[in-house]
Amino acid sequence: MRAAMAEPTRRIALLSTGGTIEKTYNESDGTITNQLSVLEIMLAGLVLRGVRIERVPVMNKDSLHMTDEDHERIATLARVYAETHDGLVITHGTDRLQFTGERLVERLGRAPRVPIVLTGAMRPFELRTSDALQNLTEALLAVQLAAPGVYVAMHNQVLRFPGVVKDRERQRFVQSEG
């Protein structure tokens, strides 16, 4: 009888920064805000064989409120975790995701040591018609398959930085032509 071979475990750091993907409904005032993260609930529903996720709460902000210092903080932490992990997924608000992606390329180069994949959602996970779980799942797959680089994975596509922008009319990310 052959002994079962152990699957190699990929270590993925999941840096959470807030954004719509993590928004929750507040019953007391009827708002949808960044108060509690739902990432643990989302991850608990996925089968992730051969993957160990280390969740790193960075901040819990709507990206419209992110500052240049916030983008720099994300890039600094990404550099640290890229040295000790096989890949990084960064959950992020879609309104300023492109600025963090560009900052990551500036600070870590076009080919960092590991793939870094940003993702978010146009609608919160708590809503019935949310894209959050699909986008998180796509990002977790992309970070295992992509070559080292900085990407966004959302809506059944993976785009590489630099030059990724949010097309507000189509509510998706596209590669800029400029």
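The preceding data block contains the structure.
Reading the values: the criteria
Residues numbered from 1 in each chain as written. Predicted model: local features only at pLDDT ≥ 70, side-chain atom pairs only at ≥ 80, totals over all residues. Heavy atoms only, no water. Helix = DSSP H or I, 4+ residues; strand = E, 2+ residues; numbered from the N terminus. Buried < 20%, exposed > 50% of the residue type's maximum accessible area, 1.4 Å probe, protein only. Contact = heavy atoms within 4.5 Å. Areas by Shrake-Rupley, 256 points an atom, 1.4 Å probe, with all protein chains shown as cover. Pairing = 2+ DSSP bridges. Axes fitted to C-alpha atoms, helices over the stretch in contact; angles between N-to-C directions. Polar contact = N/O pair within 3.5 Å; in protein donor to acceptor, adjacent residues only side chain to side chain. Parallel < 35°, antiparallel > 145°, perpendicular 65-115°, else oblique. Left-handed = near helix turned anticlockwise from the far one by under 90°. Nonpolar A, V, L, I, M, F, W, Y, C, P; charged D, E, K, R; others polar. Expected span 1.5 Å × (residues − 1). Arc of directions from axis to C-beta. Core = buried A, V, L, I, M, F, W, Y, C linked by side-chain atoms within 4.5 Å.

**Q** Would you mind going over the overall build of the protein in detail, with residue names and values included?
**A** When its secondary structure is counted, the protein shows four helices and 10 strands. The N-to-C order of helical and strand elements in the protein reads β-β-β-α-β-α-β-α-β-α-β-β-β-β. The buried share of the protein, taken over its 178 residues, is 48%. Once local pairs closer than 6 in sequence are excluded, the contacts in the protein between residues at least 24 apart make up 68%. When the accessible area of the protein is evaluated, it comes to approximately 9400 Å², of which 51% is carbon and sulfur surface.

**Q** Could you give an account of the sheet that holds strand 5 (residues 87-91), with specific residues and numbers?
**A** Taken together, the six strands give an open sheet; going across it, the order is 4-1-5-6-7-8, and neighbouring strands pair in mixed fashion. This sheet does not close on itself; its edge strands, each paired only once, are strand 4 (51-61) and strand 8 (157-160). Pairs of neighbouring strands in the sheet enclose a mean axial angle of 20°, with direction left out of account. Inspection of the sheet shows strand 1 (residues 10-18) paired to strand 4 by eight bridges, in the parallel sense. Counted as the bridge partner of Ile12 is Ile53 from strand 4. Lying on the sheet, helix 2 (residues 68-82) is in contact with strand 1, strand 4 and strand 5; it crosses strand 4 at an angle near 165°. Strands in contact with helix 3 (residues 97-108) are strand 5, strand 6 (115-119) and strand 7 (149-154); relative to strand 6, the strand with the most contacts, it is inclined by about 165°.

**Q** So what's going on with the side chain of Asp62? Which residues, and what values?
**A** As for its position among the elements, Asp62 is in the loop between strand 4 and helix 2. Polar side-chain contacts of Asp62 include one of 2.9 Å to the backbone nitrogen of Leu64.

**Q** Go over the pairing of strand 1 with me, naming the residues and quoting the values.
**A** Burial of strand 1 is extensive: seven of the nine residues sit out of reach of the surface. Across five bridges, strand 1 lies against strand 5 in parallel orientation. Following the sheet pairing, Leu15 is matched in strand 5 by Ile90.

**Q** Residues and numbers for the packing of helix 2 against helix 3, please.
**A** Following both chains from N to C, one finds helix 2 and helix 3 inclined at 50°, their axes separated by 9 Å at the closest point. As summarised for this structure, helix 2 and helix 3 are arranged oblique, according to the angle between their axes. The interaxial crossing formed by helix 2 with helix 3 has right-handed handedness. Facing helix 2, whose interface residues are Asp68, His71, Glu72, Ile74, Ala75, Ala78 and Arg79, helix 3 presents Phe99, Thr100, Arg103, Leu104, Arg107 and Leu108. Looking at the contact of helix 2 with helix 3 residue by residue, the class counts come to six nonpolar, two polar and five charged.

**Q** Residues and numbers for helix 4 (residues 132-145), please.
**A** End to end, helix 4 covers 20 Å across 14 residues, agreeing with the expected 20 Å (1.5 Å per residue, within 8%). For helix 4, every residue scored as buried is listed here: Ala132, Asn135, Leu136, Glu138, Ala139, Leu140, Ala142 and Val143.

**Q** Can you break down helix 2 residue by residue, with the values?
**A** Counted at 1.5 Å a residue, the expected span for helix 2 with its 15 residues is 21 Å, and the 21 Å between its end C-alpha atoms agrees. Within helix 2, burial applies to Asp70, His71, Ile74, Ala75, Ala78, Tyr81 and Ala82. The buried residues of helix 2 occupy an angular sector of 135° when the element is viewed end-on, so they sit on one face.

**Q** Tell me about the nonpolar core, and name the residues and values.
**A** Among the nonpolar cores identified, the biggest contains 28 residues, and Leu15, Leu88, Ile90, Leu104, Val152 and Phe161 are the most heavily contacted of them. Of all the secondary structure elements, the ones that give two or more residues to this core are strand 1, strand 4, helix 2, strand 5, helix 3, strand 6 and strand 7. It is helix 2 that contributes the most residues to this core, five residues altogether. Once residues within four sequence positions are removed from consideration, Phe161 is found in contact with Leu97, Gln98, Gly101, Glu102, Val105, Leu118, Val150, Tyr151 and Val152. Val38, Leu39, Met42 and Val89 belong to the second largest nonpolar core, which has 19 residues in total.

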